[in-house]
Amino acid sequence: MKKKIVFSGVQPSGVLHIGNYLGAIQRWVRLQSQTTNYFCVVDLHALTIRQDPEELHANTLRVAKTYLAAGIDPQHSTIFIQSHVKEHCELAWLLATLCYMGELSRMTQFKDKSRNKGENIGVGLFTYPTLMAADILLYHTDLVPVGEDQKQHLELTRDLAVRFNNAFGETFVVPEPLIGEVGARIMGLDDPTRKMSKSEPKPGHYLALTDPPDAIRKKIGRAVTDSGTEIRAGADKPALSNLLNIYHLMSGISIAELEERYRGQGYAAFKRDLAEVVIEHLRPFQERYAALDDAEVMALLRAGADRARAVAAETIQQVKERMGIVV
Ligand code: ATP
Ligand code: LTN
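In short, a report on the structure. (Residues numbered from 1 in each chain as written. Chains lettered and ligands numbered in written order. Predicted model: local features only at pLDDT ≥ 70, side-chain atom pairs only at ≥ 80, totals over all residues. Heavy atoms only, no water.)

Observations concerning the site of ligand 2
- Taken together, 14 residues are adjacent to ligand 2, and His-45, Tyr-128, Met-132, Asp-135 and Gln-150 come closest.
- Separating a nitrogen atom of ligand 2 from a side-chain N or O atom of Tyr-128 is a distance of 2.6 Å.
- One of the side-chain N or O atoms of Asp-135 is found 2.7 Å from a nitrogen atom in ligand 2.
- About the coverage of ligand 2: the protein hides 92% of its 370 Å² of free accessible area.
- For the shell around ligand 2, the elements supplying multiple residues, two or more each, are β1 (5-10) and α7 (123-137).
- No other element matches the four residues that α7 contributes to the shell around ligand 2.
- Taken together, the residues of the shell around ligand 2 break down into seven nonpolar, six polar and one charged. (Near = heavy atom within 4 Å. Polar contact = N/O pair within 3.5 Å; in protein donor to acceptor, adjacent residues only side chain to side chain. Areas by Shrake-Rupley, 256 points an atom, 1.4 Å probe, with all protein chains shown as cover. Helix = DSSP H or I, 4+ residues; strand = E, 2+ residues; numbered from the N terminus. Nonpolar A, V, L, I, M, F, W, Y, C, P; charged D, E, K, R; others polar.)

Some details on the pattern of salt bridges
- What the rule picks out here adds up to 18 salt bridges.
- In this structure, Lys-195 engages Asp-149 in a salt bridge whose closest nitrogen and oxygen atoms are separated by 3.3 Å. Here the residue Lys-195 occupies a position in the loop between β5 (176-178) and α9 (213-222), and Asp-149 occupies one in the loop between β4 (143-145) and α8 (151-168), the gap between them amounting to 46 residues.
- Judged by its relative accessible area of 33%, Lys-195 falls in the partly exposed class.
- Among the salt bridges present, the one from Glu-257 reaches Arg-261, with a minimum N-O distance of 3.9 Å. On the criterion of helical spacing, the pair formed by Glu-257 and Arg-261 is a turn pair, its members being four residues apart in helix α11 (residues 255-261).
- Assessed through its relative accessible area of 43%, Glu-257 is described here as partly exposed.
- Under the relative-accessibility criterion, Arg-261 is labelled partly exposed at 42%.
- One continuous salt-bridge network, built from bridges that share partners, spans Asp-190, Arg-194, Glu-200 and Lys-202. (Salt bridge = Lys/Arg side-chain N within 4 Å of Asp/Glu carboxyl O. Buried < 20%, exposed > 50% of the residue type's maximum accessible area, 1.4 Å probe, protein only.)

Written as structure tokens, this is what we have:
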């Protein structure tokens, strides 16, 4: 049977945090041996928010190294940089011609990221989802493993695929989102009502995958908690629910069992243990990350782009022909 095709990506817009890992990358690692995979560093998406050129350059390689250190295996998965395959931009334009202003205006990520920007909202931020749809559709992707926040973008991608197929003939596979039940939404340590985000400048907001043990202890020690003293998950306990969720995902111990274990204990003991669980979980990742050689990683990314381009070029050719473009 033909293997399912998987595509996903992370923006090099900052250092990666445990939300990116638990919501996305860790799940890619688990999937990869049963599927054909494309894992992309989506640098062109990162540009929708102003980036410092040196930082963007460094972060692009860091994201690729994070994929590898987390266990993405180049034997099973094609890893590449989005801008190395020009077909992504080309298809994004073609899809933009089929996409409605109303659809893009309804995207919550656009609304969140353009808030308080007045007149200075970048056009790229608005058309971001058409580039994401291009990423996915170029590879005849069946499955897109992402965090909860990307669900709406996936729905738009599906709508565009169907719209194209109806207008120009069966061309694109209509992809399915793959969103985890737990871990799909890790919240900020300083504010459990906001999703953990790498674009958030406050250092106590996220736990970076590369944070050293002391930083992890400090950040978890300072993480906000809920009123009361009970260690339990629930709608009235957003902060504790988030911390318990992280504990569960990094230790494999169920939330019910954790609630039982910490019954009658204070926040201090719970946080101390949680910090050690996170440190131990990240230790092998951090060791592998430190051992990666930048030049070797670059060579791998170039080979990945060559493989991706071969598929993408064929799709673009077909799309253009069907749209009536002289090729
Ligand atoms: P930014 O804040 O710069 O937009 P981000 O931290 O949201 O970035 P992305 O590059 O947009 O990260 O997302 C990469 C992947 O990580 C996506 O699949 C996304 O759904 C997932 N993800 C991001 N934040 C979280 C989170 N807090 N919890 C679970 N998954 C997340
Ligand atoms: N928008 C995504 C990143 C992204 C992506 C993709 C994810 C860009 N292109 C294609 C899956 C498939 C985000 O996480 N912010």
